[in-house]
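Chain by chain, the residues:
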Amino acid sequence: MSESLDPITVPDRTVEGFVQEFLRELHFGQGVDMSRASTNDKYLALARTVRHHLMSRWMQTLRHQGQVQAKSVAYLSAEFLLGRQLDNALLAADIDGIVTEGLTSLGIDLDDLRQAEQEPGLGNGGLGRLAACFIDSLATLSVPSIGYGIRYEYGIFRQTFVDGWQVEQPDTWLELGSPWEFPHPEAAVKVNFGGSTETYIDDDGNARSRWLPGWSVIGVPYNYMVPGYRNGRVNTLRLWSARAEKSFDLQIFNSGDYADAVRAQTFAENISKVLYPEDSTPQGKELRLQQQYFFVACSLADFLDNVLPGDFDLTKLPDRIVFQLNDTHPVIAIPELMRLLVDDRGWSWEDAWAVTQQVFAYTCHTLLPEALEVWSVDLLGRLLPRHLEIIYRINDEFLAQVRKAYPDDELRVRRMSIIAEFPERAVRMAFLATVAGAKVNGVAELHSQLLRDKVLNDFSAYFPDKFTNVTNGVTPRRFVRMSNPALSGLITEAIGEGWVTDLGRLRELEPLADDAEFRRRFAEIKRGNKTRLVDLLAARDGIEISPDAMLDVMVKRLHEYKRQMLKLLHVITLYDRVTSGELPIDQVTPRTFAFGAKAAPGYKMAKQIIGLINAVGRTINTDPALERRLRVAFPANYNVTLAETLVPAADLSEQISLAGKEASGTGNMKFALNGALTIGTDDGANVEIRQLVGDDHFFLFGLTEPEVADIVDAGYRPSTYYAANPTLRRALDHIAHGTFSGGDQRVFEPVVSNLLHEDRFLVLADFQSYIDAQDRVEKAYADQDGWTRSAVLNVARSGFFSSDRSIKDYLDRIWHAEPVAPPFV
Ligand code: 26W
């Protein structure tokens, strides 16, 4: 069925029409004229003009969705790391051309306005960016879906360096106005906290429970457009912002005092104030649990009361919706749905449990035991007393079944309990999600296998059919088409435009790897992308690099398991070889070592490593012996926007986590798709990348996961590697002796002694293998044409890593939902 658009709401898709709309927005929206308009005025007017082009499609999508009532997907995520919106909207609406032309006619450079946008950094790293890629693919594949999350007033902190040390600044992304959001205060939802529970006998003589909350806040939804790529569909991302319910707060804080009332408001609004910047070690902070329950309670209430029609029969809920839980952060939705059905709607426990078990599915994003969220029973009972009771009952009934299945195995029963007893009584959120979820998935083949065999082994034995894999992906719209226009043009010229929504078609490029002219143009594009990066880093950071050097990049959160230290030890080794006279400088391939990484503010060792990278950089970049052939570039505040220029420029992608620790990685996919070669371990999705691109076009090194397990079981001793390997010894001694700290031996002593005596992530064990692989890189790069051939094959063979493919896998394996033909195109 195809409906025509309401002509009143469709803006004119001509240059003149655009110019007129833009000037109207400047005039009526910003209240300025061209002569007085600031760059920000022009950006805001442009953003609003562009969003007009998506508006009628949005309305149409919503209307259509209301009529069709197809099975939908609700993606629940505490993080959506969206990146800038303007370019993506221009691309989706296909109005790049008229906008550029129209602005030029007004003497405005589109690029200047692009730079005015502050990216919404509402996520920490991979998990948040994955959520953003997934909603892009859901819209592009025409899947009826909605994203639910939190509208943090402050996103991920802005990183600055002071003397090379990380200093965090607040991210004030809303300060200059946020033209992409639509607040709906009239659709606000009340969320309760605290208080107590009681039992009572209902009118039919049944014993029931109810929650008597102690306080509450209001959730205000902010809607964002999620445009599909030129398919006429615009889905919704709904982010919740916390407000005080003023009259109510005045009562509970029990004072007519103005100051107290304002304090109550501040208290409520704290809930959506700031994104927690921890990305792997949950701190068990009360405010974080408040955030989690806040957005989940708002989202469930919104879906049941506003999205579903008033007369909807909730026993049919599994035919209508699946709630995908992005890690454990939204898992409190499980007892919340039970509460809504049992307490508020009077359902029996059994009926409610039957529905609940069908509507949730859980994605796990980690393997580190310390990253699995647990909430102390004490805290949970104080904040959400009724939910704790519900969790206890879920656990009791589950453990009774486990006992039946394993009559004489009380040890196993204790291992599988949702409630941990040590070191304190606490709820294991991953276990709750596994017991209640219809499906549990890992995010790469190896990760899913390790989840089944190790982290959730008892559960996979008990629920063998629950476990599945969906390998992550990235959106080719943002990470190829938008960020790499030159390569996109070359690809389109070679195989047509279809690849943007059917990335497997990149395979058709394979024969062109053997076409010398194609390789020449490919290499020229890579060089152009490097020049773009050179200019950006000069302007953004005052960093000077050369477009002629190999660009070797490691960008991701700073974490010991990701092993930025390993890369740094390679840099130091090269420095040592040259300065000791072992290696003549003119035999060294000119190389830029680029790092981008934020450390969690409380993660001491990670901050030390940042300080050390910058210290090594300072030494290397200024030592005349190196003749500027080796350079370290560590721009502060790596974010989505910087990635968009960095990734297309890279020659070498560093994916060097200890095998068995990186669940998937998604940066690895972005680099391969943009024609960088990977140096990597057999970890996460690297395994699949290597299988697809082939061993000849991938630099593999390091221990495998089973080898790591054996070494750790046997009692790993890093100092033996130090003693046995003179290259390694010299590199570590440089740090220890103060080569990079003006002779000061204390500053980086914690890093050195950690590596020598603990080295949880086997940096020293993998060192030599890594150095050898880097020597292979060096040789391969000497043959520029051969390198380019490998780069082309990386692009051609990486189409699998489109998030469109991931979403299709979720539809088949987990959601059992289907795309719905869009209402119009
Ligand atoms: C503080 C609580 C917390 C704990 C973990 C916050 C955020 C996390 C995330 C799970 C961290 C994260 O981003 N994980 C990454 O998820 C990506 C998408 O699946 C994977 O590609 C990465 O391997 C994984 O580290």
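Residues numbered from 1 in each chain as written. Predicted model: local features only at pLDDT ≥ 70, side-chain atom pairs only at ≥ 80, totals over all residues. Heavy atoms only, no water.

- Under the annotation held in an unreviewed UniProt entry, the chain carries the name Alpha-1,4 glucan phosphorylase and is attributed to Cellulomonas soli.
- Entered under Sequence similarities (unreviewed entry) in the UniProt record, the comment concerning the chain runs "Belongs to the glycogen phosphorylase family." (UniProt positions renumbered as here; feature names shortened; annotations may be inferred.)

1. Here we look at the pattern of salt bridges
And step 1. Per the stated rule, a full pass over the model turns up 57 salt bridges.
And step 2. Between E421 and R425 there is a salt bridge whose closest N-O contact spans 3.1 Å.
And step 3. Overall, R425 belongs to the partly exposed group, its relative accessible area being 42%.
And step 4. A salt bridge links R746 to D744; the nearest nitrogen and oxygen atoms lie 3.6 Å apart.
And step 5. Residue class for D744 comes out partly exposed when judged on its relative accessible area of 27%. (Salt bridge = Lys/Arg side-chain N within 4 Å of Asp/Glu carboxyl O. Buried < 20%, exposed > 50% of the residue type's maximum accessible area, 1.4 Å probe, protein only.)

2. Examining the environment of S769
And step 1. Inspection of the secondary structure puts S769 in helix α31 (residues 763-782).
And step 2. Taking relative accessible area as the criterion, S769 reaches 27% and is therefore assigned partly exposed.
And step 3. C-alpha separation for the pair S769 and F701, spaced 68 residues apart in sequence, amounts to 5.7 Å.
And step 4. Sequence-distant contacts of S769, that is, excluding residues within four places in its chain, are made with F701 and G702.
And step 5. In this structure the side chain of S769 is engaged in a polar contact, spanning 2.8 Å, whose partner is the backbone nitrogen of G702. (Helix = DSSP H or I, 4+ residues; strand = E, 2+ residues; numbered from the N terminus. Contact = heavy atoms within 4.5 Å. Polar contact = N/O pair within 3.5 Å; in protein donor to acceptor, adjacent residues only side chain to side chain.)

3. Re the side chain of Q774
And step 1. Summarising the element assignment, Q774 is placed in helix α31.
And step 2. Among the polar contacts made by the side chain of Q774, one reaches the side chain of R591 at a distance of 2.9 Å.

4. So, the pairing of strand β4 (residues 145-150)
And step 1. β4 sits mainly inside the fold: six of its six residues count as buried.
And step 2. Residues of β4 alternate between two faces, with S145, G147 and G149 on one and I146, Y148 and I150 on the opposite face, all of them buried.
And step 3. Looking at chain direction, strand β1 (residues 72-76) and β4 are connected through four bridges and run parallel. Directly across from A74, in β4, lies its bridge partner I146.
And step 4. When β4 meets strand β12 (residues 234-243), the two strands line up parallel, connected through five bridges. In the strand pairing of β12, I146 is matched with T236. (Pairing = 2+ DSSP bridges.)

5. Digging into helix α11 (residues 333-344)
And step 1. Across the 12 residues of α11, 11 count as buried, placing the element largely inside the fold.
And step 2. When α11 is considered as a whole, its buried residues turn out to be A333, I334, P335, E336, L337, M338, R339, L340, L341, V342 and D343.
And step 3. Directly after α11, the chain includes G346, whose backbone phi takes a positive value near 70°.

6. Brief notes about the sheet that holds strand β16 (residues 419-420)
Hydrogen bonds between backbone groups are what pair the strands of a sheet, and the pairing can be parallel or antiparallel.
And step 1. Taking strand neighbours across the sheet as the criterion, the three strands line up as β15-β17-β16 in an open arrangement whose pairing is antiparallel. In this open sheet, the two strands that pair with only one neighbour each are β15 (374-376) and β16.
And step 2. When β15 meets strand β17 (residues 426-428), the two strands line up antiparallel, connected through three bridges. Across the sheet, W375 pairs through a bridge with V427, a residue of β17.

7. Points about the UniProt feature "modified residue: N6-(pyridoxal phosphate)lysine" (unreviewed entry) in the chain
And step 1. Mapped onto this numbering, the UniProt entry annotates "modified residue: N6-(pyridoxal phosphate)lysine" (unreviewed entry) at K670.
And step 2. As for its position among the elements, K670 is in helix α25 (residues 667-673).
And step 3. Sequence-distant contacts of K670, defined by excluding residues within four places in its chain, comprise R129, V474, F479 and V647.

8. A look at the sheet that holds strand β24 (residues 677-680)
And step 1. Across the sheet, six strands lie side by side as β22-β21-β20-β23-β24-β25; this open sheet has parallel pairing. Across the chains shown, the open sheet's two edge strands, defined by having one partner strand only, are β22 (630-633) and β25 (698-700). Sheet twist, expressed as the mean angle between neighbouring strand axes with direction ignored, is 20°.
And step 2. Here strand β21 (residues 591-596) pairs with β22 via four bridges, running parallel. Across the sheet, T592 pairs through a bridge with R631, a residue of β22.
And step 3. Running at roughly 85° to β24, helix α32 (residues 784-796) makes contact with β23 (652-655), β24 and β25 of the sheet. (Axes fitted to C-alpha atoms, helices over the stretch in contact; angles between N-to-C directions.)

9. Some details on the site of the ligand
And step 1. Taken together, 19 residues are adjacent to the ligand, and L127, H365, N472, E662 and G665 come closest.
And step 2. Between the ligand and the protein, one listed contact pairs an oxygen atom with a side-chain N or O atom of H365 at 2.6 Å.
And step 3. Taking Y561, its side chain carries an N or O atom lying 3.2 Å from an oxygen atom of the ligand.
And step 4. Surface burial for the ligand is 95%, taken as the share of its 570 Å² of free accessible area covered by protein chains.
And step 5. The element contributing the most residues to the shell around the ligand is helix α6 (residues 126-140), with three residues.
And step 6. Here the residues of the shell around the ligand are counted per class, giving six nonpolar, eight polar and five charged. (Near = heavy atom within 4 Å. Areas by Shrake-Rupley, 256 points an atom, 1.4 Å probe, with all protein chains shown as cover. Nonpolar A, V, L, I, M, F, W, Y, C, P; charged D, E, K, R; others polar.)

10. Some points on the environment of Q768
And step 1. Residue position: Q768 is located in helix α31.
And step 2. The spatial distance from the C-alpha of Q768 to the C-alpha of F193 is 54 Å, given a sequence separation of 575 residues.
And step 3. When sequence neighbours within four positions are dropped, the list of residues in contact with Q768 reads N725 and T727.

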